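# Report on the structure
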Amino acid sequence: MNITVVGAGTIGEAISVALKNRGYDVTATRRNVSKIETLAGLGIRVSSKSEEAILDADVVILSLKPYDVLAFVKRNARVLAERTTISMAAALPISAMARYTGDGRLMRAMTNIAARVGGGFTVFCAPGMQEREKRECRKILECFGEVMEVEEKYMDALTAISGSGPAYILTVMEAMMYAGLKVGLPRDLALKASYETILGSAKLVSESGNHPSVLKDLVVTPGGVTIDAIYELEDSGIRTAFMRAIESATIKSRKISEEIASRDP
Ligand SMILES: NC(=O)C1=CN([C@@H]2O[C@H](COP(=O)(O)OP(=O)(O)OC[C@H]3O[C@@H](n4cnc5c(N)ncnc54)[C@H](O)[C@@H]3O)[C@@H](O)[C@H]2O)C=CC1
Ligand SMILES: O=C(O)[C@@H]1CCC=N1
């Protein structure tokens with residue numbers, strides 16, 4: 001199966017590598033191909049001519065900025081209507097693209113940067129697509145990590161939690177690492193202790209099926225060390241900070257969505 005990834009920037013490059021690693025035949029496009037020369041070394045075809053590169057594709061994955069995806073869909077509506085098309089863009093509703101192509105072969109997906117190492121979480125919706133084609137797309141998305149089909153009304157919130165999420169967790173990781181430096185750990189050890197702890201905690205929730213609060217409570221030994229840290233975190237309002245952050249990103253995604261839907265590129 002030939003897959004063309006249009007817009008090999010941050011996410012397009014990550015998913016091109018993940019697809020190639022799973023044996024797909026991949027073409028990646030970017031206006032300035034010198035920036036994706038390393039992809040060619042991995043056996044990915046690179047091209048600056050997106051309009052031509054989609055002609056040979058069975059599946060087209062669009063990883064341009066949201067408004068650029070819509071403009072690309074409009075310009076190439078006839079070609080895309082005859083191919084499976086997966087938009088990775090935040091905030092771009094299927095209905096806005098379907099104005100030009102119909103929704104029969106369109107999928108909207110949201111992944112995250114961990115797709116690069118097969119650790120992404122990808123949600124998708126494709127209300128007009130036949131089940132067989134949807135299953136093929138699902139297999140493609142599974143190259144990026146875990147996959148779930150969801151209703152489109154949840155996409156903005158999921159973008160805010162898991163699409164943008166690595167930025168929050170990496171901020172937490174960085175803060176933990178700097179805390180380690182403050183209390184005298186060497187840099188490498190502070191970083192490893194931080195990421196292994198985040199990785200292990202996520203694995204514990206995923207494999208035990210327990211609620212995070214149940215597991216957290218097990219760590220807090222009465223009169224011990226952890227409670228002093230939890231006291232400081234609660235005092236800083238860490239939970240409301242996360243809730244505000246994710247609510248704010250959700251609102252931003254909805255706002256962009258409304259703006260895009262009302263524009264004709
Ligand atoms: N960065 C992330 O972690 C995630 C991004 N996304 C979505 O992925 C999309 C891309 O985001 P990023 O990768 O962060 O942006 P980016 O700016 O790194 O990538 C977009 C790329 O498209 C290229 N481009 C623009 N017009 C083109 C054309 N006509 N043909 C070929 N290439 C063209 C640009 O040069 C750029 O390299 C956005 O819609 C975003 O919402 C989704 C999930 C996570
Ligand atoms: O910041 C953004 O808009 C994109 C969507 C999810 C992650 N990055």
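All of these numbers come straight from a predicted model, not from anything done at the bench.

The number of helices and strands found in the protein is 13 helices and eight strands. Here the C-alpha coordinates of the protein stretch approximately 65 × 40 × 30 Å along the principal axes. Classification of the 265 residues of the protein by burial places 38% in the buried group. Across the protein, every contact between residues at least 6 apart in sequence was considered, and the portion connecting residues at least 24 apart equals 56%. As displayed, the protein offers around 14,800 Å² of accessible surface, 56% of which is attributable to carbon and sulfur atoms. Across the protein, the mean location of the 33 positive side-chain charges is 4 Å away from that of the 32 negative side-chain charges.

In this section: the site of ligand 2. The local shell around ligand 2 consists of A90, G163 and S164. Relative to its free-state accessible area of 240 Å², ligand 2 is covered by the protein chains to the extent of 42%.

If you check the shell around ligand 1, you find 17 residues, and the closest are T10, I11, S50, L64 and A90. Measuring from an oxygen atom of ligand 1, one finds a side-chain N or O atom of R30 at 3.2 Å. Coverage of ligand 1 by the protein chains reaches 80% of its 820 Å² of free accessible surface. Of the residues contributing to the shell around ligand 1, the split by class is seven nonpolar, seven polar and three charged.

Turning our attention to the packing of aromatic side chains. Evaluation of the coordinates by the stated rule reveals zero aromatic pairs. Over the aromatic face of Y67 sits the side chain of R263, whose NZ or CZ is 4.0 Å from the ring centroid.

It is worth spelling out the UniProt feature "domain: Pyrroline-5-carboxylate reductase dimerisation" (unreviewed entry) in the protein at this point. Within the UniProt annotation, "domain: Pyrroline-5-carboxylate reductase dimerisation" (unreviewed entry) is assigned to residues 152-255. Helix makes up 82% of residues 152-255 and strand 0%, whereas the separation of the span's terminal C-alpha atoms amounts to 15 Å.

Attention now moves to helix α7 (residues 131-141). Of all the residues in α7, the buried ones are E133, K134, C137, I140 and L141. What you see down the axis of α7 is that its buried residues fit within an arc of 110°, all on one side. Residues of α7 that are exposed and point more than 90 degrees away from the buried face comprise R132 and R135.

Before going further, it helps to examine the pairing of strand β1 (residues 2-6). Of all five residues making up β1, four are buried, and the element is well covered by its neighbours. Taken together, β1, helix α1 (residues 10-21) and strand β2 (residues 25-29) constitute a β-α-β crossover, and its handedness is right-handed. Here β1 pairs with strand β4 (residues 59-62) via four bridges, running parallel. The residue of β4 that forms the bridge with V5 is I61.

With that out of the way, let us pick up the sheet that holds β4. Read across the sheet, eight strands follow the order β3-β2-β1-β4-β5-β6-β7-β8 without closing on themselves; strand pairing throughout is mixed. The strands lining the two open edges of the sheet, one partner per strand, are β3 (45-47) and β8 (145-149). Strand-to-strand, the axes of this sheet are offset by a mean angle of 25°, without reference to chain direction. Bridge analysis of strand β6 (residues 106-110) against strand β7 (residues 120-125) gives three bridges, and the strand direction is antiparallel. Bridge pairing in β7 links M110 to V123. Here α1 sits on the sheet in contact with β1, β2 and β4, set at roughly 165° to β1.

Taken as a whole and assessed by the stated rule, the structure comprises 14 salt bridges. Between D264 and K74 there is a salt bridge whose closest N-O contact spans 3.3 Å. One end of the pair, D264, is in the segment after α13 (238-261); the other, K74, is in helix α4 (residues 66-75), and 190 residues separate them in sequence. Note that R83 is salt-bridged to E82, the shortest N-O span being 3.8 Å. One salt-bridge network, held together by shared partners, links R108, E152 and D156.

Calculation rules
Residues numbered from 1 in each chain as written. Chains lettered and ligands numbered in written order. Predicted model: local features only at pLDDT ≥ 70, side-chain atom pairs only at ≥ 80, totals over all residues. Heavy atoms only, no water. Helix = DSSP H or I, 4+ residues; strand = E, 2+ residues; numbered from the N terminus. Buried < 20%, exposed > 50% of the residue type's maximum accessible area, 1.4 Å probe, protein only. Contact = heavy atoms within 4.5 Å. Areas by Shrake-Rupley, 256 points an atom, 1.4 Å probe, with all protein chains shown as cover. Lys, Arg positive; Asp, Glu negative; His and termini not counted. Charge placed at Lys NZ, Arg CZ, Asp CG, Glu CD. Near = heavy atom within 4 Å. Polar contact = N/O pair within 3.5 Å; in protein donor to acceptor, adjacent residues only side chain to side chain. Nonpolar A, V, L, I, M, F, W, Y, C, P; charged D, E, K, R; others polar. Phe/Tyr/Trp six-rings, centres within 6.5 Å; stacked < 30°, edge-to-face > 60°. Lys NZ or Arg CZ within 6 Å of the ring centre and 35° of its normal. UniProt positions renumbered as here; feature names shortened; annotations may be inferred. Arc of directions from axis to C-beta. Right-handed = clockwise from strand over helix to strand, strands pointing away. Pairing = 2+ DSSP bridges. Axes fitted to C-alpha atoms, helices over the stretch in contact; angles between N-to-C directions. Salt bridge = Lys/Arg side-chain N within 4 Å of Asp/Glu carboxyl O.

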